[in-house]
Amino acid sequence: MLDAADILAASILIVDDQEVNVRLLEQILREAGYRRLTSTMDPYAVCDLHRTNRYDLILLDLEMPGRDGFQVMEALKEDEADADGYFPILVITAHPDHKLRALASGAKDFISKPFDLMEVRTRIHNMLEVRLLYKQLEHQNRALESLALHDPLTGLPNRRLLMDRMALGIAHARRNRGNMAVVYLDLDGFKEINDTLGHDGGDALLKMVATRLVGAVRQEDTVARVGGDEFVIALAELSHGDDMEKLVSKVLQAVSKPCSIQGSSVNVTASVGVSVYPVHGDNVETLMKSADLALYEAKGAGKNDYRISGLAEL
Ligand SMILES: Nc1nc2c(ncn2[C@@H]2O[C@H](COP(=O)(O)OP(=O)(O)OP(=O)(O)O)[C@@H](O)[C@H]2O)c(=O)[nH]1
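Only a predicted model underlies this, so the values are computations on that prediction, with no experimental measurement involved. (Residues numbered from 1 in each chain as written. Predicted model: local features only at pLDDT ≥ 70, side-chain atom pairs only at ≥ 80, totals over all residues.)

Draft legend 1. Structural detail: the overall build of the protein. Helix and strand counts for the protein stand at 10 helices and 12 strands. The C-alpha atoms of the protein give a radius of gyration of 29 Å, which is well past the 20 Å a tight globule of 314 residues would have. Along the three orthogonal principal directions, the C-alpha set of the protein runs to about 85 × 50 × 25 Å. Counting over 314 residues, the protein shows a buried share of 34%. If you take every contact in the protein between residues at least 6 apart in sequence, the share linking residues at least 24 apart comes to 63%. (Helix = DSSP H or I, 4+ residues; strand = E, 2+ residues; numbered from the N terminus. Rg over C-alpha atoms; globule rule 2.2 N^0.38 Å. Buried ≥ 20, exposed ≤ 12 C-beta atoms within 10 Å, placed from the backbone. Contact = placed C-beta atoms within 7 Å.)

Structural data, given as structure tokens:
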């Protein structure tokens, strides 16, 4: 929730071509306790200023020579400077007819000239309250979205985000007649590690493996955690020069380097199954299933190894 200090910490831009009005508004706002004030008498500077500083509120005079307040609002909209979809404009006008027009143009509220001290303070306070609550909500929504798409232990994408990324990867590969590989990895003997080091030690190892996997592939690849000790890497746009064996060996080596957990050196290995679009399937489900079957084969063959689905030529 918001308190008075949050509102007073909001950033405000004052736009008025008359210096006397600028000084008066600055004084009213300072006396009310607002600290983050910027002013300009140049209507052409508003877009740049807002793009850089993302003000919580813009107090905009409507009657200005050259570019009036209506034109400034249009320019702000075109500029998409209000990228989060909120248009923080409070217009200032001496013309009663302009009030409705300004509201219809997207302004949230208006202040009449000559200024009435209480009206100015109340309208600014109320508008900032709504603006900051909107900002908080946006922030919480982003956090919730991220929680729904990521694994809380490692911070890696979860199965849901992986599926989305794979679907995009397949669409991209289809358009470019390219390919995409699915590397399904399961740690060997992880249950024993958990039993020896405890659940916290197991968690620390999972985090370490996550970091190493991310470090072993390219930025455009997706490393996801899809189960307890199961990870999937979607390798985007393999080129002809990419050697699948080398890529998978690099991943296996990254996992099996000794790591220090709770002061002791721990060795873990992994088994891997690989499938490739379009050779082993043309959709997410089939590719995941093929990679999972190949992984099962690798486990059956003695672990710490990989198998490529269906032994197809790549
Ligand atoms: N520490 C920790 N352990 C987990 C978590 N999620 C699942 N596990 C454990 O991970 C283990 C995974 O089981 P398996 O893959 O069947 O066991 P494994 O010993 O690796 O067997 P193989 O894959 O055949 O080598 C189970 O003991 C789960 O309890 C987690 O978030 N943290």
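There's plenty left to go through after this.
Draft legend 2. Main features of the domain arrangement of the protein. What the domain assignment reports for the protein is domain 1 (4-148) and domain 2 (159-311). When each unit is reduced to the centre of its C-alpha atoms, the spacing between domain 1 and domain 2 is 50 Å. (Domains from an automatic or database assignment.)

Draft legend 3. Representation of the environment of Val 130 within the structure. Structurally, Val 130 can be placed in helix α6 (residues 117-149). Classification of Val 130 by C-beta neighbours within 10 Å gives partly exposed; the count is 13. Residues Val 130 and Leu 2 lie 128 residues apart in sequence; the distance between their C-alpha atoms is 10.0 Å.

Draft legend 4. Up close: the nonpolar core. In terms of nonpolar packing, the biggest core is built from 44 residues, with Val 182, Val 183, Val 232, Val 272 and Val 274 touching the most fellow members. In terms of residues, this core owes the most to one element, strand β6 (residues 180-187), which gives seven residues. Once residues within four sequence positions are removed from consideration, Val 272 is found in contact with Val 183, Tyr 184, Leu 185, Val 248, Val 251, Leu 252, Leu 295, Ala 298 and Tyr 306. The next biggest cluster of nonpolar side chains, apart from the first, holds 31 residues, and it includes Ile 14, Leu 57, Leu 90 and Val 91. (Core = buried A, V, L, I, M, F, W, Y, C linked by C-beta atoms within 7 Å.)

Draft legend 5. Representation of α6. Here α6 contains 33 residues, and its C-alpha end-to-end distance of 48 Å stays within 8% of the 48 Å for a straight helix at 1.5 Å per residue. Taken as a whole, α6 has its buried residues at Val 120, Ile 124, Met 127, Leu 128 and Arg 131. (Expected span 1.5 Å × (residues − 1).)

Draft legend 6. Spatial organisation of the sheet that holds strand β7 (residues 222-227). Pairing is mixed across the open sheet formed by five strands, whose spatial order is β7-β8-β6-β11-β12. Looking at which strands have only one partner, the edges of the open sheet turn out to be β7 and β12 (306-308). The average angle at which neighbouring strand axes cross in this sheet is 20°, direction not considered. Of the strands in this sheet, β6, β7 and β8 (230-235) are in contact with helix α8 (residues 190-216), which crosses β7 at around 160°. Most of the contacts of helix α10 (residues 284-300) go to strand β11 (residues 270-277), to which it runs at about 145°, and overall it touches β6, β11 and β12. (Pairing = 2+ DSSP bridges. Axes fitted to C-alpha atoms, helices over the stretch in contact; angles between N-to-C directions.)

Draft legend 7. Fine view of the pairing of β11. Most of β11 sits out of view: eight of its eight residues are buried. Every second residue of β11 is oriented toward a common face, with Ala 270, Val 272, Val 274 and Val 276 on one face and Ser 271, Gly 273, Ser 275 and Tyr 277 on the other, all of them buried. In the sheet, β11 pairs with β12 via three bridges, with the strands oriented parallel. The partner of Val 274 across the bridge, within β12, is Ile 308. A crossover links β11 with its parallel partner β12, the connecting element being α10, and its sense is left-handed. (Right-handed = clockwise from strand over helix to strand, strands pointing away.)

Draft legend 8. Inspection of the site of the ligand at higher detail. In the region of the ligand, 16 residues are neighbours, and Asp 188, Phe 190, Lys 191, Gly 202 and Gly 228 sit closest. Those elements that provide at least two residues to the shell around the ligand are β6 and α8. When its residues are assigned to classes, the shell around the ligand shows four nonpolar, five polar and seven charged. (Near = placed C-beta within 6 Å. Nonpolar A, V, L, I, M, F, W, Y, C, P; charged D, E, K, R; others polar.)

Draft legend 9. How the structure looks around the sheet that holds strand β4 (residues 89-93). Across the sheet, five strands lie side by side as β2-β1-β3-β4-β5; this open sheet has parallel pairing. Only two strands of the sheet have a single neighbouring strand rather than two, namely β2 (36-40) and β5 (109-112). Neighbour-to-neighbour, the strand axes of this sheet turn through a mean angle of 20°, independent of strand direction. Bridge analysis of strand β3 (residues 57-61) against β4 gives four bridges, and the strand direction is parallel. Bridge pairing links Leu 60 to Val 91 in β4.

Draft legend 10. Quick look at the pairing of strand β1 (residues 11-15). Across the five residues of β1, four count as buried, placing the element largely inside the fold. The pairing of β1 with β2 spans five bridges and is parallel. Within the sheet, the bridge partner assigned to Val 15 lies in β2 and is Thr 40. Where the polypeptide runs from β1 across helix α2 (residues 19-32) and back to β2, its parallel neighbour, the crossover connection is right-handed.

Draft legend 11. Structural detail: unusual backbone geometry. A cis amide bond links Lys 113 to the next residue, Pro 114, at an omega of -5°. Here Lys 303, not a glycine, exhibits a phi torsion of approximately 70°, which is positive. Along the polypeptide, Lys 303 turns up in the loop between α10 and β12. Assessed through the 14 C-beta atoms surrounding it within 10 Å, Lys 303 is described here as partly exposed.

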